[in-house]
Amino acid sequence: AQSVTQPDIHITVSEGASLELRCNYSYGATPYLFWYVQSPGQGLQLLLKYFSGDTLVQGIKGFEAEFKRSQSSFNLRKPSVHWSDAAEYFCAVRLESAGNMLTFGGGTRLMVKP
Amino acid sequence: SQTIHQWPATLVQPVGSPLSLECTVEGTSNPNLYWYRQAAGRGLQLLFYSVGIGQISSEVPQNLSASRPQDRQFILSSKKLLLSDSGFYLCAWSVRVGRVGNEQFFGPGTRLTVL
């Protein structure tokens, strides 16, 4: 069955430290890949997306993600975390054969220490 | 520009009462529309999606239903709420399916508490 896994449910980093959030998927074909961020009590905001081409994609708020086909991963990174980055992050995938349906990972809650 | 609205923002309802959550999209035509539920501490669960007026697909069988009476209006309903219906309900829209992987845009959500 198709699945998206975010292995880390909670992550705590110090402000200014680097961040990497993991995302793995299990599909036979290359999916379309997305990262969303959700602040408490808010909707989801798209951070970045990968469709094709350069496997390192840049997003908003200083985030980037790298698609690694060999590892079926699409990890989200940021070189220096700000306190305002504290939120929940969701990885999502979409197969072209599945219309526009997204499958979401379980989310990773990021806490930032001062 | 496109915007998506949900109301109410917060709702507290007794068990067994009816439910109606509304979602509207502005600035686009013929969108795909989606309802998700996010239970406490859990990820997003797709409940319904719609590719056009009156066209509803259900992903998870339960006591909820959805309707799309107008192109940019999507309603989530229940005749009798259960405690397990508590959660954060998110509406989303996307451009109609094409060759390009279209992202979904989310509304601000409705926090439903069933007591």
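Residues numbered from 1 in each chain as written. Chains lettered and ligands numbered in written order. Predicted model: local features only at pLDDT ≥ 70, side-chain atom pairs only at ≥ 80, totals over all residues. Heavy atoms only, no water.

Caption draft 1: Here's a closer look at the pairing of strand E6 (residues 44-50) of chain A. For E6 of chain A, the tally of buried residues reaches five of seven residues, placing the bulk of the element in the interior. Connecting strand E5 (residues 32-38) of chain A to the antiparallel partner E6 of chain A that follows it, the hairpin turn spans five residues, and Gly41 of chain A within it adopts a positive phi of roughly 70 degrees. (Buried < 20%, exposed > 50% of the residue type's maximum accessible area, 1.4 Å probe, protein only. Helix = DSSP H or I, 4+ residues; strand = E, 2+ residues; numbered from the N terminus. Pairing = 2+ DSSP bridges.)

Caption draft 2: Spatial organisation of the side chain of Glu103 of chain B. Residue position: Glu103 of chain B is located in the loop between strand E9 (87-94) and strand E10 (105-106). Of the residues examined, Glu103 of chain B reaches a relative accessible area of 12% and is grouped as buried. One polar contact links Glu103 of chain B to Lys49 of chain A, side chain to side chain, over a distance of 2.8 Å. Filtering out sequence-adjacent residues up to four positions away, Glu103 of chain B remains in contact with Phe34, Tyr36, Leu46, Lys49 and Phe51 of chain A together with Trp93 and Ser94 of chain B. (Polar contact = N/O pair within 3.5 Å; in protein donor to acceptor, adjacent residues only side chain to side chain. Contact = heavy atoms within 4.5 Å.)

Caption draft 3: A look at the pairing of strand E2 (residues 10-14) of chain A. All names here are of chain A. Because side chains alternate across E2, one face comprises the buried residues Ile11 and Val13, and the other comprises His10, Thr12 and Ser14, none of which is buried. Bridge count between E2 and strand E12 (residues 108-113): five bridges; the pairing is parallel. If you follow His10 over to E12, its bridge partner there is Arg109.

Caption draft 4: Structural view of the environment of Cys91 of chain A. Residue and element names in this part refer to chain A. Note on placement: Cys91 falls in strand E10 (residues 87-94). Accessibility expressed as a relative area gives 0% for Cys91, which makes it buried. Between the alpha carbons of Cys91 and Phe63 there is a distance of 13 Å; along the sequence they are 28 residues apart. Sequence-distant contacts of Cys91, defined by excluding residues within four places in its chain, comprise Val4, Gln6, Cys23, Phe34, Trp35, Thr103, Phe104 and Gly105.

Caption draft 5: Representation of the pattern of salt bridges within the structure. All names here are of chain A. Taken as a whole and assessed by the stated rule, the structure comprises eight salt bridges over all chains. With a closest N to O distance of 3.0 Å, Asp8 and Arg22 form a salt bridge. Of this pair, Asp8 sits in the loop between strand E1 (3-5) and E2 while Arg22 sits in the loop between strand E3 (19-21) and strand E4 (24-26), and the two are 14 residues apart along the sequence. Arg22 gets classed as partly exposed once you look at its relative accessible area, which sits at 37%. A salt bridge links Arg77 to Glu66, with the nearest nitrogen and oxygen atoms 3.2 Å apart. Taken as a pair, Arg77 in strand E9 (residues 73-78) and Glu66 in strand E8 (residues 64-68) lie far apart in primary sequence, eleven residues in all. (Salt bridge = Lys/Arg side-chain N within 4 Å of Asp/Glu carboxyl O.)

Everything listed here is a matter of geometry and, on its own, says nothing about what the molecule does.
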